[in-house]
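Structure assessment
One letter stands for each residue in the lines below.
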Amino acid sequence: MRVAGENAIKGMSSAYNTAIAIRKKWREEFLANEREMLQAVYNRYERKHTNKSNLGMTASDFEQFQELLPRRYKTRFARMGTFHNLAVDSSMIDYQEFANALDVFAQMEVDQMDLEVNITPRHQRKKPLERFSVGDIADQNVDSNTPSPMASP
């Protein structure tokens, strides 16, 4: 009787491990399908709307793009304020940055959770460089008693 119980426990453990492996494989397949669907919709949209004068997706473009998606994505995008999050204080979403964010949206759908999407613009405005003349640099080094970067060691 004891041996039968131990065998049953081993069998249950094996069934549990198999179920975990099946669930993992199912998730990977579901994620791949969601990614493919989002990329297909995105590629169809981008081909119709991209030209040399159009560098990104406006709010109205984003609404048109959403109309091509299944309802579950429309709901998620509306709930998350997606356009404004992806536009990053701009009136447009960069096409390449949006294409990269689609994988995150596929993951959210598969895992049934909302993740915070932070897009850092590729073309952030940088603080202008201060301009110095050679004399200014030499004067700063004399004043601070630090060796000049131009001086040899």
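Residues numbered from 1 in each chain as written. Predicted model: local features only at pLDDT ≥ 70, side-chain atom pairs only at ≥ 80, totals over all residues. Heavy atoms only, no water.

Attention now moves to the overall build of the chain. Along the backbone of the chain there are 6 helices and 2 strands. For the chain, the sequential pattern of α-helices and β-strands runs α-β-α-α-α-β-α-α. When the 153 residues of the chain are sorted by exposure, 25% land in the buried category. If you take every contact in the chain between residues at least 6 apart in sequence, the share linking residues at least 24 apart comes to 67%. About 11600 Å² of surface is accessible on the chain, with carbon and sulfur atoms providing 54% of the total. (Helix = DSSP H or I, 4+ residues; strand = E, 2+ residues; numbered from the N terminus. Buried < 20%, exposed > 50% of the residue type's maximum accessible area, 1.4 Å probe, protein only. Contact = heavy atoms within 4.5 Å. Areas by Shrake-Rupley, 256 points an atom, 1.4 Å probe, with all protein chains shown as cover.)

This structure, assessed with the given rule, holds 11 aromatic pairs. Seen in terms of ring centroids, Y42 and F98 are 5.8 Å apart; in terms of plane orientation they differ by 55 degrees. Their pairing is tilted. Highlighted residues: Y42 in helix α1 (residues 2-49) and F98 in helix α5 (residues 95-111), separated in sequence by 56 residues. Using a relative accessible area of 1% as the deciding quantity, one classes F98 as buried. Ring centres 5.9 Å apart and planes at 80 degrees place the aromatic pair F62 and F98 in the edge-to-face group. With a gap of 36 residues between them, F62 in helix α2 (residues 59-67) and F98 in helix α5 connect regions that are remote in the sequence. Judged on exposure class, the residue F62 and its partner F98 are both buried. Of the aromatic side chains, those joined through ring pairs into one cluster are Y42, Y45, F62, F65, Y73, F77, F83, F98 and F105. (Phe/Tyr/Trp six-rings, centres within 6.5 Å; stacked < 30°, edge-to-face > 60°.)

On to unusual backbone geometry, then. Look at Q112: it is not a glycine, yet its phi comes out positive at around 50 degrees. Looking at the element boundaries, Q112 is found in the loop between α5 and α6 (134-144).

So, on to α5. A rise of 1.5 Å per residue sets the reference length of α5, with its 17 residues, at 24 Å; its end C-alpha atoms lie 25 Å apart and thus fit the reference within 8%. Helix geometry: α5 is bent most strongly at A101, by close to 25 degrees. Immediately beyond the C-terminal end of α5, within one or two residues, lies Q112, with a positive phi of roughly 50 degrees. (Expected span 1.5 Å × (residues − 1). Bend = angle between axes of the 7 residues up to and from the residue.)

Let's shift gears to the pattern of salt bridges. Scanning the entire structure with this criterion turns up 9 salt bridges. With its nearest N and O atoms 3.5 Å apart, the salt bridge here joins E29 to K25. Pair noted here: E29 and K25 are both in helix α1, with a separation of 4 residues, about one helical turn. Assessed through its relative accessible area of 41%, E29 is described here as partly exposed. A relative accessible area of 47% means that K25 is categorised as partly exposed. The shortest N-O distance in the salt bridge between R72 and E109 comes to 3.2 Å. Taken together, the residues R72 in helix α3 (residues 71-80) and E109 in helix α5 connect sequence positions 37 residues apart. Assessed through its relative accessible area of 37%, R72 is described here as partly exposed. Under the relative-accessibility criterion, E109 is labelled buried at 6%. (Salt bridge = Lys/Arg side-chain N within 4 Å of Asp/Glu carboxyl O.)

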